[in-house]
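Structural overview
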Amino acid sequence: MEVDEMSVPHLFRCPISLEIFTDPVTLSTGQTYDRPSIEKWLADGHRTCPVSMQRLADTTLIPNQTLRHLIDQWLLADCRESVQFPHAADFDFSVIALRQELLSPTTSPSAKLDAARKVHVLSVESDVGRACLIQLGFFPLLLQLLFRDSGGGTVLDAEFAGVLLNSVLSLSVSGAPLDSLNMLKEEAAALSTLVHLFDRGNAEIKIGLCHLLEVMASSSATRELCSFVGQSPQVLQILVSILIDKSSTSTLKASEAAVRATAVLCSSSEGNRRRAIGQGAVDGLVAHLLSNCCARRNAAPALAALELLLELEAGKKALVENPSGVRALVKMVFRVSTGHEGSEHALRSLLAVCGESEGAREAAVGAGVVTQLLLLLQSQCGAAVKAKARALLKMLRASWNGETKEVL
């Protein structure tokens, strides 16, 4: 069949040859190439992915059957919008029909859920599927179903809401028009629904909404929206409650997601930082740092968020007044990751509070900070971290009777 070269979707072209795929295969990096092109690349001695330049520990080539099927359908179709997409191996469905099912007021809840599941499969299984969904306007449609149509007191089925949210998140990192999210700022009912889902949703939905806040903060088109959402005291209250609550079996993922969401809301404006402090964010982050779920690998984001709040006097006051606040920081001075990023956050925070509070200095010494600092100074940490460690030792000199003057 003769193909109009100008009409070939770019996702149907091999990144190496720029020709339409004949035998698409996928590397361990997730990038897809035409088999003859990538085999020649590897045969020439290259051991990196041509697109991402990631080092290849595994050069296995996995046939991309989904993409192969889509190309075959596209070649046979009179119109791209009639392309049939496979779900697993047992059925095909039309993207246009899915759109109609989701939009129709006569579609039953069970049929809508089934259609939403199919959209989700497309959004996660195929680059081409995601591209088609975005091109056909599914991103704002999913947002409408998730936040707008459930307004006015209507409660979305939890499973339906979860599937919609997961599809939104998948498309949001694949080139979807993120400015569509500004509906949350422009429509009061949409923001109310966001708050309702945050409040009443299950753990998966709460985690997904935390990730959505990160998406908002990642784009200039929605950064103001992130600041706007942070003006909601309910959202901040819910994030703090997730940080403090350790009863759920999904505590680790939920708590980590809440830390990152709190950080992006607070970094968007000083007003959000003040509101977060007022809603107990300092206490929530301290509780997270002291919990068993806060392992060495995930302490740095919480320490960074806490440092951000300690830029304000209200944040310092909240930390000093928390009986475990200073201890939480001391605990992290030498415990955090090998890159010592978290150590630096902890040191800066301790310098901020200890410089203004004798009680904080005494609490730090009582919590064993001197030993932690000496261990840090003997480690392979960088010069900047060591300089802050020495500065803190000098600040605390009057509060202990140890023999550490030689390190100063």
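Rules used in this analysis
Numbering of residues starts from 1 in each chain and follows the order in which that chain's sequence is written. Only residues with pLDDT of at least 70 get local features here, since the model is predicted, and only at 80 or more are side-chain atom pairs given and counted; chain-wide, interface and lining totals rely on the full set of residues. As a rule here, side-chain values cover all heavy atoms of the structure and leave hydrogens and water aside. Note on conventions: DSSP H or I runs of at least 4 residues are helices, E runs of at least 2 residues are strands, and numbering of each starts at the N terminus. Only protein chains enter the area calculation, which uses a 1.4 Å probe; residues under 20% of their type maximum are buried, those over 50% are exposed, and those in between are partly exposed. Contacts between residues were defined by any pair of non-hydrogen atoms, one from each residue, lying within 4.5 Å. Surface accessibility follows the Shrake-Rupley procedure with a 1.4 Å probe radius. Residue values consider only the protein chains on display as shielding. A pairing counts as a salt bridge when a side-chain nitrogen of Lys or Arg comes within 4 Å of a carboxyl oxygen of Asp or Glu. Here, axes are lines fitted to C-alpha atoms. For helices the fit covers the stretch in contact, and angles between N-to-C directions go from 0 to 180 degrees. Working rule for angles: under 35 degrees goes down as roughly parallel, over 145 as roughly antiparallel, 65 to 115 as roughly perpendicular, anything else as oblique. The hand of a helix crossing depends on one turn: near helix anticlockwise from the far one by less than a right angle means left-handed, and clockwise means right-handed. Ten residue types, Ala, Val, Leu, Ile, Met, Phe, Trp, Tyr, Cys and Pro, are classed as nonpolar, four, Asp, Glu, Lys and Arg, as charged, and the remainder, Gly among them, as polar. Whether two strands pair depends on DSSP finding at least two bridges between them.

**Topic: the overall build of the chain**
The helix and strand tally for the chain stands at 22 helices and 5 strands. Counting across all 408 residues of the chain, residues that qualify as buried make up 49%. When contacts within the chain are restricted to residue pairs at least 6 apart in sequence, long-range pairs at least 24 apart make up 63% of them. Within the structure as shown, the chain displays about 19,000 Å² of accessible surface, and the carbon and sulfur contribution to it stands at 51%.

**Examining the pattern of salt bridges**
The tally for this structure, following the rule as stated, stands at 15 salt bridges. A salt bridge links glutamate 224 to lysine 185, with the nearest nitrogen and oxygen atoms 3.8 Å apart. With a gap of 39 residues between them, glutamate 224 in helix H11 (residues 223-229) and lysine 185 in helix H8 (residues 183-186) connect regions that are remote in the sequence. In this structure glutamate 224 comes out as exposed when scored by relative accessible area, which is 61%. A relative accessible area of 33% means that lysine 185 is categorised as partly exposed.

**What to know about the packing of helix H15 (residues 281-290) against helix H16 (residues 299-309)**
In contact at an axis separation of 10 Å, H15 and H16 are set at 155° when each is read in the N-to-C sense. The orientation of H15 relative to H16 falls into the category roughly antiparallel. In the packing of H15 onto H16, the handedness of the crossing is left-handed. Contacts between H15 and H16 involve Ala281, Val282, Leu285, His288 and Leu289 from the former and Ala299, Ala302, Leu303, Ala305, Leu306 and Leu309 from the latter. Taken together, the residues that form the contact of H15 with H16 break down as 10 nonpolar, 1 polar and no charged.

**Details of the sheet that holds strand E3 (residues 62-63)**
What the 3 strands build is an open sheet, ordered E2-E1-E3; its pairing is antiparallel. The outermost strands of the open sheet, each flanked by one partner alone, are strand E2 (32-34) and E3. Bridging between strand E1 (residues 24-26) and E3 involves 2 bridges; their strand directions are antiparallel. What sits directly across from valine 25, in E3, is proline 63. Those strands touched by helix H1 (residues 35-43) are E1, E2 and E3, and its axis lies near 95° from that of E2.

**Regarding the side chain of serine 167**
On the secondary structure map, serine 167 appears in helix H7 (residues 158-172). Residue serine 167 is classed as buried on the basis of its relative accessible area of 1%.

**Considering the packing of helix H4 (residues 109-125) against H7**
Packing of H4 against H7 leaves a shortest axis separation of 9 Å and a crossing angle of 25°. It follows from the interaxial angle that H4 and H7 lie roughly parallel. Handedness of the H4/H7 crossing: left-handed. Residue-level inspection shows Lys112, Leu113, Ala116, Arg117, Val119, His120, Ser123 and Val124 of H4 in contact with H7, the latter providing Glu159, Phe160, Val163, Leu164, Asn166, Ser167, Ser170 and Leu171. Its residues assigned to classes, the contact of H4 with H7 shows 8 nonpolar, 5 polar and 3 charged.

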